[in-house]
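Descriptive structure summary
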Amino acid sequence: MTYAIEPGYTHGTPEKTGILLVNLGTPDAPTAQAVRPYLKQFLGDPRVVEIPKVLWWLILNGIILNVRPKKSAAKYASVWLAEGSPLRVYTEKQAIMLQGYLAERTRAPFAVEFAMTYGNPSIPDALRRLKAQNCQRILVVPLFPQYAASSTAPVFDQVFAELQKMRNMPAIRTVKHFHDDAGYIKSLAANINEYWAKHGRPEKLVMSFHGVPQYTLDKGDPYHCECHKSGRLLAEALGLTREQYVVSFQSRFGRAEWIKPYTTATLLELGRQKTRRVDIVCPGFVGDCLETLEEIAMEGREDFQHAGGGEYHYIPCLNDRDDWMQALTDLVIDNLQGWLNLPDAADREKGRLLALAMGAK
Ligand SMILES: C=CC1=C(C)c2cc3[nH]c(cc4nc(cc5[nH]c(cc1n2)c(C)c5CCC(=O)O)C(CCC(=O)O)=C4C)c(C)c3C=C
Ligand SMILES: [Fe+2]
Ligand SMILES: [Fe+2]
């Protein structure tokens, strides 16, 4: 084993703290040729599909990678933005904004990079860029509020695998999850309340989270539990009764049983019950992507209305909302305590109250 040659260094180069924001991944273009290698990398990760290697290799290479890229590409094409894939566009915006908010709120030198677990920009490339900026301390923030062995863990797997190749390893901290973070819940609630102030309220709010196979829950993945906790906290923040909302799980892949209730089945049932209006929100995604813009905003509407439902409103994800970006900045600052002398949440609140008492706005 030879270890990577370190980027050039001169004594006195100031150190920066690196922040690595990571989302799931997306193809480079909405074409079958671009979707295929992305799906191959994604679905070839044993964290994502846990069936015996040889059997899965045959199914993936023999069937899935011959059929799915074309179908998925057509779906991607229906949501593609002028600047690229929505997931990449929003993640990049979040990284740029976080860099600005950190500069505004602290005097410490930061470098923020974003990466995708699958596809581009890759985690190894983003780590190289942070090292090139002399980041000796790196905070890794997977943009998944709820921890899952199939979304969060692969981020850490890749970061640690990259570290194993390094001669001069940076110190690493990780944010495991933020499913019950007060700022995250508050910005979700504000997003929904603002939507309702403009468009009125639904008979039922559907909170749709990405699904995972049932066997992962049986084997101890905390994901299902964390989704329900986020759902409950969000409902409390919105002042909803148990009858006014439902938590469901979308994006089932393959034939195995996934955690229930499925979003599709929930929307069909609400349609059959002639629900006058359903609003649907995806709190497990902090940026809009294929799974929200196509599967939920488009396919979900068809399912609900064909089954007899009335109005259907998709409420967008947090994307580049100011309150969410402030919440993410808080989360980062809180996770840097001890590395940097930054005011913690209690100090910040004291400072805010003091400023208020002194008549500041
Ligand atoms: C929010 C966290 C996510 C979990 C948990 C997750 C698990 C998971 N996903 C698949 C299969 C697919 N997911 C796909 C897209 C996709 N998944 C997430 C997030 C989670 N997935 C996001 C943000 C996206 C959108 C990507 C984008 O480019 O916008 C896809 C690809 C699209 C398609 O072909 O339908 C697949 C496939 C599994 C099997 C799984 C858990 C085992
Ligand atoms: Fe997924
Ligand atoms: Fe999907």
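Residues numbered from 1 in each chain as written. Chains lettered and ligands numbered in written order. Predicted model: local features only at pLDDT ≥ 70, side-chain atom pairs only at ≥ 80, totals over all residues.

Before going further, it helps to spend a moment on the overall build of the protein. Helix and strand counts for the protein come out as 12 helices and eight strands. In terms of C-alpha radius of gyration, the protein reaches 21 Å, essentially the compact-globule figure of 21 Å for 361 residues. Its C-alpha atoms give the protein principal-axis dimensions of roughly 70 × 65 × 40 Å. Each of the 361 residues in the protein was classed as buried or not, and the buried ones make up 39%. In the protein, 80% of the contacts between residues at least 6 apart in sequence involve partners at least 24 apart. (Helix = DSSP H or I, 4+ residues; strand = E, 2+ residues; numbered from the N terminus. Rg over C-alpha atoms; globule rule 2.2 N^0.38 Å. Buried ≥ 20, exposed ≤ 12 C-beta atoms within 10 Å, placed from the backbone. Contact = placed C-beta atoms within 7 Å.)

Here the focus is the sheet that holds strand 8 (residues 311–315). Read across the open sheet, the four strands follow the order 6-5-7-8; overall the sheet is parallel. Unpaired on one side and paired on the other, strand 6 (245–250) and strand 8 mark the two borders of the sheet. Geometrically, the sheet is characterised by an average inter-axis angle of 25° between neighbouring strands, direction not taken into account. One ladder, built from six bridges, connects strand 5 (residues 204–210) with strand 6; its direction is parallel. Residue pairing in the sheet places Leu 205 in a bridge with Tyr 245 of strand 6. Relative to the sheet, helix 8 (residues 223–238) contacts strand 5 and strand 6, its axis offset from that of strand 6 by approximately 150°. Contacts from helix 9 (residues 263–272) reach strand 5, strand 6 and strand 7 (277–281), with the element oriented near 135° to strand 6. (Pairing = 2+ DSSP bridges. Axes fitted to C-alpha atoms, helices over the stretch in contact; angles between N-to-C directions.)

Before going further, it helps to examine the UniProt feature "binding site: Fe(2+)" (unreviewed entry) in the protein. Here the UniProt-annotated "binding site: Fe(2+)" (unreviewed entry) positions come out as His 210 and Glu 291. The greatest C-alpha distance among the annotated residues, which extend across 82 residues, is 8.1 Å, indicating that they converge on a single site. Its place among the elements puts His 210 in strand 5. Classification of His 210 by C-beta neighbours within 10 Å gives buried; the count is 27. Mapped onto the fold, Glu 291 is located in helix 10 (residues 290–306). Filtering out sequence-adjacent residues up to four positions away, Glu 291 remains in contact with His 210, Gln 250, Ser 251, Phe 285 and Ile 296. (UniProt positions renumbered as here; feature names shortened; annotations may be inferred.)

Direction vectors running N to C along helix 3 (residues 86–105) and helix 11 (residues 322–334) enclose 65°, while the axes themselves pass 10 Å from each other. When you trace helix 3 past helix 11, the crossing you get is right-handed. Residues Gln 94, Met 97, Leu 98, Tyr 101, Leu 102 and Arg 105 of helix 3 lie in contact with helix 11, whose contacting residues are Met 325, Gln 326, Leu 328, Thr 329 and Val 332. (Left-handed = near helix turned anticlockwise from the far one by under 90°.)

Attention now moves to the domain arrangement of the protein. Once the domains are mapped, the protein shows domain 1 (16–27 + 85–177 + 322–345) and domain 2 (182–315). Contact with domain 1, which involves 20 residues of that partner, is made by 19 residues of domain 2. Those elements that place two or more of their residues in the side of domain 1 that touches domain 2 are helix 3 and helix 11. Top element by residues in the side of domain 1 that touches domain 2 is helix 11. It accounts for six residues. Among the residues forming the side of domain 1 that touches domain 2, the class breakdown is 11 nonpolar, seven polar and two charged. (Domains from an automatic or database assignment. Nonpolar A, V, L, I, M, F, W, Y, C, P; charged D, E, K, R; others polar.)

Attention now goes to the site of ligand 1. Looking at ligand 1, there are 22 residues lining it, with Thr 26, Ser 72, Ser 150, Cys 289 and Leu 290 nearest. Elements with a contribution of two residues or more to the shell around ligand 1: strand 1 (16–26), helix 2 (53–79) and helix 10. Among the residues forming the shell around ligand 1, the class breakdown is 12 nonpolar, eight polar and two charged. Here the shell around ligand 1 gathers at least three residues from each of two domains, domain 1 (16–27 + 85–177 + 322–345) and domain 2 (182–315). (Near = placed C-beta within 6 Å.)

A few words now on the nonpolar core. Soluble, globular proteins show a tendency: their nonpolar side chains are buried together. Judged by nonpolar contacts, the single largest core of 86 residues is most densely connected at Ile 19, Leu 20, Leu 21, Leu 98, Val 140, Val 141 and Val 332. Broken down by element, the residue count for this core peaks at seven residues, all from helix 3. For this core, the two domains that each supply at least three residues are domain 1 (16–27 + 85–177 + 322–345) and domain 2 (182–315). Apart from the residues lying within four places of it in its own chain, the contact partners of Leu 20 are Glu 113, Ala 115, Ala 126, Leu 130, Ile 138, Val 140 and Val 141. (Core = buried A, V, L, I, M, F, W, Y, C linked by C-beta atoms within 7 Å.)

Right, let's talk about the confidence of the model for the protein for a bit. Caution is warranted with low-pLDDT regions, since their predicted coordinates should not be read in detail. Residues at a pLDDT of 70 or more form 96% of the protein, whose mean pLDDT is 95. Model confidence for the protein, summarised as mean pLDDT per element, is weakest for helix 12 (residues 345–357) at 70 and strongest for strand 7 at 99. (pLDDT = per-residue confidence, 0-100.)

Let's shift gears to the pairing of strand 3 (residues 135–142). A large share of strand 3 lies buried, amounting to six of its eight residues. In this sheet, strand 3 lies alongside strand 1 in parallel orientation, the contact comprising seven bridges. Among the inter-strand pairings, Thr 17 is bridged to a residue of strand 3, identified as Arg 137. Relative to strand 4 (residues 171–174), strand 3 is paired through four bridges, and the arrangement is parallel. Across the sheet, residue Val 140 finds its bridge partner in strand 4, namely Thr 174. In this region the chain leaves strand 3, passes through helix 5 (residues 152–163) and returns to the parallel neighbour strand 4; the handedness of that crossover is right-handed. (Right-handed = clockwise from strand over helix to strand, strands pointing away.)

We now examine the sheet that holds strand 3. Spatial strand order, 2-1-3-4: four strands in an open sheet with parallel pairing. Every interior strand has two partners, whereas the edge strands, strand 2 (110–119) and strand 4, have only one. Direction aside, neighbouring strands of the sheet carry axes that sit 25° apart on average. Across the sheet, helix 5 is in contact with strand 1, strand 2, strand 3 and strand 4; its angle to strand 3 comes to roughly 160°.

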